[in-house]
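Next come the chains, spelled out residue by residue.
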Amino acid sequence: LLAFLYWLSLLDRTIISLLVDPIKQDLGISDVQFGMLHGLAFAITFSCFGLVAGTFADRFSRRTIIFASVSIWSLATAACGMAQNFWHLLVARIGVGAGEAGLNPCATSMITDLFPPSRMNTALAVYALGASVGSGCAFLFGGALIDLVADAETLTLPIVGTVSSWQAVFYIIG
């Protein structure tokens, strides 16, 4: 389950790189701004909140922190689909980074508690497979999802209403 969540976090993290052109076109943002969305905003937030999550993992229920983290990054990914300008998308990407930061410290701590030292390397390797396999599969799954919705210029989603196809991708993944 933790490896699956790791894969899911990579999908949320990397899907934006498959949507460069439609996002830049719809929101009218520059390459520098897109670089901030994909790199800087996420990385700084992920790093800072990772330290906070590590501290919380030592003091509170790691399962609760993971649940909260997955909830935050999923809602933030869906919020990326609501973005109407650069600043909206930037705040949503910061939320994705903050949410994803809680998984690794808690998962690693849980794995070290659950497995004896003789099986620790195997358990951590299976968890790390979530990242390795997840990186490739995130692009594969993300690309398939984009192909699925790309034919329509806009889509009508329940509750949300009419959105661009790139926004629908964020809603679906979130």
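Placed above this text is the structure.
Now for a description of the structure that goes with this document. Fair warning: this is a prediction, and the values are worked out from it, not measured in the lab. (Residues numbered from 1 in each chain as written. Predicted model: local features only at pLDDT ≥ 70, side-chain atom pairs only at ≥ 80, totals over all residues. Heavy atoms only, no water.)

Section: the overall build of the protein chain
Here comes step 1: Helices and strands together make up the secondary structure of the protein chain, namely eight helices and two strands.
Here comes step 2: The order of α-helices and β-strands along the protein chain, N terminus first, is α-α-α-α-α-α-α-β-β-α.
Here comes step 3: Computed over C-alpha atoms, the radius of gyration of the protein chain comes to 17 Å, within 12% of the 16 Å expected from 2.2 N^0.38 for 174 residues, which places it in the range of a compact globule.
Here comes step 4: Looking at the protein chain as a whole, 44% of its 174 residues qualify as buried.
Here comes step 5: Sequence-distant contacts in the protein chain: of pairs separated by 6 or more residues, those separated by 24 or more amount to 71%.
Here comes step 6: By element, 67% of the accessible surface of the protein chain is carried by carbon and sulfur atoms, the whole surface being about 9,100 Å².
Here comes step 7: Taking the average place of the 7 positive charges on the side chains of the protein chain and the average place of its 10 negative ones, the gap between the two points comes to 17 Å. (Helix = DSSP H or I, 4+ residues; strand = E, 2+ residues; numbered from the N terminus. Rg over C-alpha atoms; globule rule 2.2 N^0.38 Å. Buried < 20%, exposed > 50% of the residue type's maximum accessible area, 1.4 Å probe, protein only. Contact = heavy atoms within 4.5 Å. Areas by Shrake-Rupley, 256 points an atom, 1.4 Å probe, with all protein chains shown as cover. Lys, Arg positive; Asp, Glu negative; His and termini not counted. Charge placed at Lys NZ, Arg CZ, Asp CG, Glu CD.)

Details of the environment of Ile23
Here comes step 1: By secondary structure assignment, the location of Ile23 is in helix 2 (residues 20-27).
Here comes step 2: The class for Ile23 is buried, based on a relative accessible area of 0%.
Here comes step 3: In this structure, the C-alpha to C-alpha distance between Ile23 and Gln84, residues 61 residues apart in sequence, is 10.0 Å.
Here comes step 4: Beyond its immediate chain neighbours, meaning those up to four positions away, Ile23 contacts Ile16, Gly28, Ile29, Phe34, Leu89, Trp166 and Phe170.

What about the nonpolar core?
Here comes step 1: Counting residues in each nonpolar core, the largest one holds 47 residues, and the members touching the most others are Leu19, Ile23, Leu37, Ile66, Leu103, Val169 and Phe170.
Here comes step 2: It is helix 7 (residues 117-150) that provides the largest number of residues to this core, a total of eight residues.
Here comes step 3: Excluding its chain neighbours within four sequence positions, the residues that come into contact with Phe170 are Ile15, Ile16, Leu19, Ile23, Thr77, Ala78, Cys80 and Gly81.
Here comes step 4: With five residues, the next largest nonpolar core counts Ala78, Leu157, Val163 and Ala168 among its residues. (Core = buried A, V, L, I, M, F, W, Y, C linked by side-chain atoms within 4.5 Å.)

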